Amino acid sequence: MANELRFKTARDLFMACPAVSRDMVALPTEQPSIEFCRALLAGRVPEEAITFCAYLLPERAAVWWAHECLSHLTVLLDARDQELLALVRDWVSEPDSPNNHAEVSQAAAMPPTTPAAWIALAAGRHGNGSALEASAVSALQPLPAARAVSAGVLAGLARVALEDRFSVLSAFVEMGIQMAEIEALRQSADAN
């Protein structure tokens, strides 16, 4: 399965997405991406596995993964975040819908101050800002969608009780790995 991933090794991902080296302390290796991600999870800063997953997944899949992570934390989110999660869900289902496009543009234009606001920003950044108006895109240019995904998931994780945090973190990373494998299968099937 690992041979089908977008980035076969951690070094491949770091070479293709230089922004990841600004978001992580870990240095890339020649390990297969999935092994590297699990090593991060078992390492000194396990939260870096979240960041790695955010970059490993294609942008739209990363937004969906973040949505799914935060959906497991709804009791820790306020009503506005739950509204933003519903918006992101609708956008992932139909990213080309004019209604979803306009709503994501509005949400992404607001400062990201909550976990779901970061995910809405990532949805707005998808495809180099295709869901954002041109003026908003230029203001956000340095922010990759993966960085917003990572920030949203980590902000949600920060709300989890300390004694539960590592198990939730582990579940999120495993979900990200599964999604990366599913995306690899999907892309392989599309290529055939």
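The structure presented is a predicted model; accordingly, all values stated were derived computationally and were not measured.

1. Considering the packing of aromatic side chains
Here's step 1: Enumeration according to the criterion identifies two aromatic pairs in this entry.
Here's step 2: A centroid spacing of 4.9 Å and a plane angle of 55° characterise the contact between Phe 36 and Phe 52, whose relative ring orientation is tilted. Taken together, the residues span a long stretch of sequence, with Phe 36 in helix H3 (residues 33-42) and Phe 52 in helix H4 (residues 48-56) at a distance of 16 residues.
Here's step 3: For Phe 36, a relative accessible area of 4% puts it in the buried group.

2. Digging into the nonpolar core
Here's step 1: Counting 63 residues, the largest nonpolar core has Phe 52, Val 63, Trp 65, Val 149, Phe 172 and Val 173 as the members making the most contacts within it.
Here's step 2: Among the elements that make up this core, the one with the highest residue count is helix H11 (residues 162-191) (nine residues).
Here's step 3: Other than its neighbours up to four places away in sequence, Val 173 contacts Cys 37, Leu 41, Ala 49, Ile 50 and Cys 53.

3. Quick notes on the packing of helix H6 (residues 79-93) against helix H7 (residues 98-109)
Here's step 1: For the pair H6 and H7, interaxial distance at closest approach is 10 Å and the crossing angle is 140°. Regarding the angle of H6 to H7, the classification is oblique. Crossing geometry of H6 relative to H7 is assigned as left-handed. Judged by residue contacts, Leu 84, Leu 87, Asp 90 and Trp 91 of H6 engage Asn 100, Glu 103, Val 104 and Ala 107 from H7.

4. Brief notes about empty space enclosed by the protein
Vacant regions in the atomic arrangement are exposed by a probe of water-molecule size rolled over the atoms.
Here's step 1: One pass over the structure, following the stated rule, counts one cavity of 30 Å³ or more.
Here's step 2: Approximately 50 Å³ is the volume found for the largest cavity.
Here's step 3: Lining the largest cavity we find Leu 5, Arg 6, Leu 56, Pro 58, Ala 180, Glu 183, Ala 184 and Gln 187.
Here's step 4: With four residues, H11 is the single largest residue contributor to the lining of the largest cavity.
Here's step 5: Of the residues belonging to the lining of the largest cavity, the class tally is five nonpolar, one polar and two charged.

5. Overview of H6
In an α-helix, one turn spans 3.6 residues; hence positions three or four apart end up facing the same way.
Here's step 1: With 15 residues, H6 extends 21 Å from end C-alpha to end C-alpha; this agrees with the ideal 21 Å at 1.5 Å per step.
Here's step 2: Residues Asp 81, Leu 84, Leu 85, Leu 87, Val 88, Trp 91 and Val 92 constitute the buried set of H6. Around the axis of H6, the buried residues are gathered within 160° of arc, so they sit on the same side. Those residues of H6 that are exposed and aimed more than 90 degrees away from the buried face are Ala 79 and Ser 93.
Here's step 3: Between the side-chain oxygen of the N-cap and the backbone nitrogen of Arg 80 there are 3.2 Å, and the N-cap of H6 in question is Asp 78.

6. As for the environment of Ile 50
Here's step 1: Take Ile 50: it is sitting in helix H4.
Here's step 2: Sequence separation between Ile 50 and Ser 150 is 100 residues; the distance between their C-alpha atoms is 6.2 Å.

Conventions we followed
- Residues numbered from 1 in each chain as written.
- Predicted model: local features only at pLDDT ≥ 70, side-chain atom pairs only at ≥ 80, totals over all residues.
- Heavy atoms only, no water.
- Phe/Tyr/Trp six-rings, centres within 6.5 Å; stacked < 30°, edge-to-face > 60°.
- Helix = DSSP H or I, 4+ residues; strand = E, 2+ residues; numbered from the N terminus.
- Buried < 20%, exposed > 50% of the residue type's maximum accessible area, 1.4 Å probe, protein only.
- Core = buried A, V, L, I, M, F, W, Y, C linked by side-chain atoms within 4.5 Å.
- Contact = heavy atoms within 4.5 Å.
- Axes fitted to C-alpha atoms, helices over the stretch in contact; angles between N-to-C directions.
- Parallel < 35°, antiparallel > 145°, perpendicular 65-115°, else oblique.
- Left-handed = near helix turned anticlockwise from the far one by under 90°.
- 1 Å grid on protein atoms, 1.4 Å probe; cavity = no way out; pocket = protein on both sides within 12 Å on 5 of 7 lines; lining within 4 Å.
- Points joined across faces, edges and corners; volume = space filled by probe spheres on them.
- Nonpolar A, V, L, I, M, F, W, Y, C, P; charged D, E, K, R; others polar.
- Expected span 1.5 Å × (residues − 1).
- Arc of directions from axis to C-beta.
- Polar contact = N/O pair within 3.5 Å; in protein donor to acceptor, adjacent residues only side chain to side chain.

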